[in-house]
Amino acid sequence: MALSVEHATKKFGDFTAVDNLSLSVEEGQMHGFLGANGAGKTTTFRMILGLLDPTHGKVSWNGRPITYESSPFIGYLPEERGLYPKMKVEDQLIYLAQLRKMSKEEAKKETAAWLERFEVPHYAGKKVEELSKGNQQKIQLIASLVHKPSLIILDEPFSGLDPVNVGMLKSAILDVQKQGATIVFSSHRMDHVEELCDDMSILDHGKVVVSGSIREVKRNFGKQNVRLKMDQELTALSQLPGIEKYTGTIDGAVLQITDESTAELILAEAMKLGQLRHFSIEEPSLEEIFIAKVGKAYA
Amino acid sequence: MHSFWIIFKQAFMTKARTKSFIITTIIVAAAFFLLANLPNIIESFEDDEEGQVIHVIDESGELIPQLQSQLEQTESDIQAMPTEMSEEELQQGITEGTIESYLVIEEGETLSARYVSESANEIGAGSEVEKAVQAIQTAQTAERLGLNGAEVGELFMPAEFEREAVSDSSKTEEELSQARGLVYVLILLIYVAVIYYPNMIAMEVANEKSSRVMEILISSVSPVKHMFAKIAGIGTLGIVQMLIFGIAGYFAFKTSGSDMAEGFFSVMGFSEIKVSTFLFAVLFFLLGYFLYAVLAALLGSLVSRTEDVQQLMLPMMFLIIISSFIAFSGIGMPEANYVTVSSFIPFFAPLVMFLRVGMLDIPLWEPLLSIAIMLLTIGALGWFGARVYRGGVLMYGSSQSLKDIGKAIRLGNKK
């Protein structure tokens, strides 16, 4: 087990930010960490990084506690972006890499390679404050990857980026993972987690409410969606037995069911109503699971 | 140790390369050269002072020649000229700027003279004229009393007056006045340094917090190491800047070659440079710097925006200002009780103990004890500051007060 958090609890006075949290990530895996704002994600990350000590429980990396000795192996992208606004991009990346004990020459080489990869080599000599938010974010991500860490914590890596840049950053992160890095990342975008992660967990008020591989999580959710596309009015279907939830869409409806036999019933009833253009049984989306578990609308 | 040097270098280099630092250094160094050459500069503007003409109303007509001969003997180029104009006309002339000044002189029991110029506080001519009138009166009185020149000279012979102190620790009057100038300048330097550089640290820390780069830094390097590397880096910067000032000042006065510079050097006690005084100055500068720098880093770690730094630094500034009051008032009476006592209080000691060392011959154990107390305080404050810093840098919020220290310690607490 590469990264392991065992029964970690963090209390601030009377407030429990993280409650008996256990988490384990295999080497080379990517773990998606979901949670509403204030659910305790950042506190968990800070405990993993050793910035905060858990009130109870422990964190270990390859069986050893994480200390500043492990600093060269760890990459961190904090949710609140932070770079020196008045320092030049290249100087800054080299400085941060050196703090992680990379040699200056190697840091220089790596920085150049990363800037090239993100198609921003011409920003090397610019001050960070002169860059757009999206470009600052690229620099921030480089800062967390440049020293070739083996454990990478990414707090909201894609927020505020356009789709082209999201694609670029995603492929970079996947490449780093292929090279063997273990990654924990949090996001508000369920589709990113669904696309990138092997395992995931959902945090609510400091507690893990769901965790496991994405397939497991979906299977254990015990609910499926039946998607219908047809022009007729379908609200009558919501009265059928076994329907958990009915949602109208522009070209039909989505019905949530718990038992697969209900799907056949829906199909039979729908065909009675008119011509059916589309019928499918879908896995629940992570977003549905999230809303069901955390219990509030959330995008 | 590797990352310590990287932070040290970064703290030093980024500050040293800022425009404000370079400009301040150049301006202060240039100010030394300006100050040293001030007499030369003033002289070059003084040409129009030559041949200042004073219009004299003298009803008797006898005093003018005496006045003229008296003024000739002085170094000034003031000329006395009889005038036919009335006082009203002369006053008119002054307001219009056609004449600079006039003198009304009358003979009575004593001489009475009235010197009128545009402003009463004008230096130079007025006092020269006063001296000349005084000399005439002295001569007249001597004549009336039948005294000759030598007797007059005897009459004005100054008494011999010397101050000597019995106390062992005090220096002789001559030594004291020499030491006073030097100590004054050095206290001023230490005072400026313990305000300026710790402030720089607090701003730096607050800056890193507000730009949120702090979280990356302290996830790479321990906050304690980060704090001390920064303090060392800025401290070195301070030493370098002070050294530049010192060298610039020394050369400025050495090369200017003016009388004032020589006078300045001897009055300030620089001509007989006391190595020990300088060594103590450097030592107390360093101790004062570290003491206040740790405090400043601690305070800087509590705020989340740079705008709030000054407010939180206020209590620290009071400490420095109070210690400067004690030190500057103590220059006149370095043996006062309150000076002795406060020279052992850690936050006052850098200025006050240096004052005592510079001004008095106190036994060596006293500064050593004071230094030991300061070192202990720095150690304790460093330990405490590191604890606050560890939590403080993670704290973001609106309320910034000294109460947050407790919160910061709890946040950064190990278990």
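Residues numbered from 1 in each chain as written. Chains lettered and ligands numbered in written order. Predicted model: local features only at pLDDT ≥ 70, side-chain atom pairs only at ≥ 80, totals over all residues.

Where do I start with the overall build of chain A in this structure?
Looking only at helices and strands, one finds 9 helices and 14 strands in chain A. Seen through its C-alpha atoms, chain A measures out along the principal axes to roughly 75 × 45 × 35 Å. By the burial criterion, 39% of the 299 residues in chain A qualify as buried. (Helix = DSSP H or I, 4+ residues; strand = E, 2+ residues; numbered from the N terminus. Buried ≥ 20, exposed ≤ 12 C-beta atoms within 10 Å, placed from the backbone.)

Could you clarify how one ought to interpret the overall build of chain B in this entry?
The number of helices and strands found in chain B is 17 helices and 4 strands. Looking at the 415 residues of chain B, the share that counts as buried comes to 34%. In chain B, the share of contacts with a sequence separation of at least 24, taken over all contacts with a separation of at least 6, comes to 76%. (Contact = placed C-beta atoms within 7 Å.)

What's the story with the nonpolar core in this structure? I'm lost.
One recurring pattern in soluble globular proteins is that nonpolar side chains are buried together. Residue and element names in this part refer to chain B. With 142 residues, the main nonpolar core has Ile190, Ala297 and Phe354 as its most contacted residues. With 16 residues, the top contributor of residues to this core is helix 12 (residues 275-300). When near neighbours in sequence (up to four residues on either side) are disregarded, Phe354 contacts Leu186, Ile187, Ile190, Phe280, Ala281 and Phe284. Counting 16 residues, the second-largest nonpolar core is a separate cluster that includes Val56, Leu63, Leu103 and Val133. (Core = buried A, V, L, I, M, F, W, Y, C linked by C-beta atoms within 7 Å.)

Teacher, can you tell me more about helix 4 (residues 63-73) of chain B here?
All names here are of chain B. When helix 4 is considered as a whole, its buried residues turn out to be Leu63, Leu67 and Leu71. Along the long axis of helix 4, the arc covered by the buried residues comes to 65 degrees, so they all point the same way. Among the exposed residues of helix 4, those oriented more than 90 degrees off its buried face are Pro65 and Gln73. The inward-facing, buried residues of helix 4 contact strand 1 (53-58), strand 2 (79-82), strand 3 (101-107) and helix 6 (125-145). (Arc of directions from axis to C-beta.)

How should the packing of helix 13 (residues 309-330) of chain B against helix 15 (residues 349-359) of chain B be read in this particular structure?
Helix-helix packing: each pair is described by the crossing angle between the helix axes and the interaxial distance. Residue and element names in this part refer to chain B. Remark: helix 13 packs on helix 15, axes separated minimally by 8 Å, with the N-to-C direction vectors making an angle of 15 degrees. Considering the angle they form, helix 13 stands roughly parallel to helix 15. Handedness of the helix 13/helix 15 crossing: left-handed. Where helix 13 abuts helix 15, its residues Ser323, Ser324, Ile326, Ala327 and Gly330 lie against Leu351, Val352 and Leu355. Across the contact of helix 13 with helix 15, the residue classes break down as 5 nonpolar, 3 polar and no charged. (Axes fitted to C-alpha atoms, helices over the stretch in contact; angles between N-to-C directions. Parallel < 35°, antiparallel > 145°, perpendicular 65-115°, else oblique. Left-handed = near helix turned anticlockwise from the far one by under 90°. Nonpolar A, V, L, I, M, F, W, Y, C, P; charged D, E, K, R; others polar.)

I'm lost on helix 5 (residues 163-178) of chain A in this one. Help?
Side chains of residues three or four places apart in an α-helix project in the same direction, reflecting 3.6 residues per turn. For helix 5 of chain A, spanning 16 residues, the distance from its first C-alpha to its last is 22 Å, which sits close to the expected 22 Å at 1.5 Å a residue. Two residues or fewer after helix 5 of chain A comes Gly180(A), characterised by a positive phi angle close to 110 degrees. (Expected span 1.5 Å × (residues − 1).)

Would you explain the sheet that holds strand 5 (residues 64-65) of chain A in this entry?
Note: strands within a sheet are paired through backbone hydrogen bonds, in either parallel or antiparallel orientation. All names here are of chain A. Taken together, the 4 strands give an open sheet; going across it, the order is 2-1-4-5, and neighbouring strands pair in antiparallel fashion. A strand with exactly one partner marks an edge of an open sheet, and here the two such strands are strand 2 (15-25) and strand 5. For strand 4 (residues 56-61) and strand 5, the ladder comprises 2 bridges, and the chain directions are antiparallel. Bridge pairing in strand 5 places Ser60 opposite Pro65. (Pairing = 2+ DSSP bridges.)

Explain the interface of chain B and chain A here, please?
It is common to give the size of an interface as the accessible area lost on bringing the parts into contact. In this complex, chain B contributes 19 residues to the contact, which on the side of chain A involves 20 residues. Of all the secondary-structure elements, those providing two or more residues to the side of chain B that touches chain A are helix 1 (2-16) and helix 9 (214-220) of chain B. When residues in the side of chain B that touches chain A are grouped by element, the largest group, 7 residues, is from helix 9 of chain B.

It is not clear to me how the domain arrangement of chain A should be interpreted in this structure. Could you clarify?
Segmenting chain A into domains produces domain 1 (3-218) and domain 2 (223-283). Placing a centre on the C-alpha atoms of domain 1 of chain A and another on those of domain 2 of chain A gives a separation of 41 Å. (Domains from an automatic or database assignment.)

Looking at this model, I keep getting lost on the pairing of strand 1 (residues 3-12) of chain A. Mind explaining?
Residues in a regular strand project their side chains so that they alternate between the two faces of the sheet. Residue and element names in this part refer to chain A. Relative to strand 2, strand 1 runs antiparallel, the two sharing 7 bridges. Residue pairing across strands places Leu3 opposite Val25, the latter belonging to strand 2. The hairpin turn running from strand 1 into strand 2, its antiparallel successor, is 2 residues long, and Gly13 in that turn takes a positive phi close to 65 degrees.

Even after reading the chapter, I still don't get the environment of Gln177(A), so can you show me in this structure?
Residue and element names in this part refer to chain A. Here Gln177 is to be found in helix 5. In this structure, the C-alpha to C-alpha distance between Gln177 and Lys108, residues 69 residues apart in sequence, is 22 Å. Those residues within four positions of Gln177 in sequence are excluded, and the remaining contacts are Gly28, Met30 and Ile183.

How should the confidence of the model for chain B be read in this particular structure?
When pLDDT is low, close inspection of the predicted coordinates is not appropriate. Here chain B shows a mean pLDDT of 80. Residues at 70 or above account for 85%. Listed scores for the predicted complex are pTM 0.73 and ipTM 0.79. (pLDDT = per-residue confidence, 0-100.)

I would appreciate a short explanation of the sheet that holds strand 3 of chain B in the present structure.
Residue and element names in this part refer to chain B. Pairing within the open sheet is mixed, and its 4 strands lie in the order 2-1-3-4. For this open sheet the edge positions go to strand 2 and strand 4 (111-117), each flanked by a neighbour on one side alone. Between one strand axis and the next, the sheet turns by 30 degrees as a mean value, whatever way the strands run. Pairing analysis gives 5 bridges linking strand 1 to strand 3, with the strands arranged parallel. Within strand 3, the position partnered with Val56 by the bridge is Leu103. Along the sheet, helix 4 makes contact with strand 1, strand 2 and strand 3, crossing strand 2 at roughly 165 degrees.

What's the story with the packing of helix 15 of chain B against helix 16 (residues 365-392) of chain B in this structure? I'm lost.
All names here are of chain B. Close contact between helix 15 and helix 16 brings their axes to 10 Å; oriented N to C, the two are set at 170 degrees. If you check the angle between helix 15 and helix 16, you find them roughly antiparallel. Contacts between helix 15 and helix 16 involve Ala349, Met353 and Val357 from the former and Pro367, Ser370, Ile373 and Met374 from the latter. When the residues that make up the contact of helix 15 with helix 16 are grouped by side-chain class, the tally is 6 nonpolar, 1 polar and no charged.

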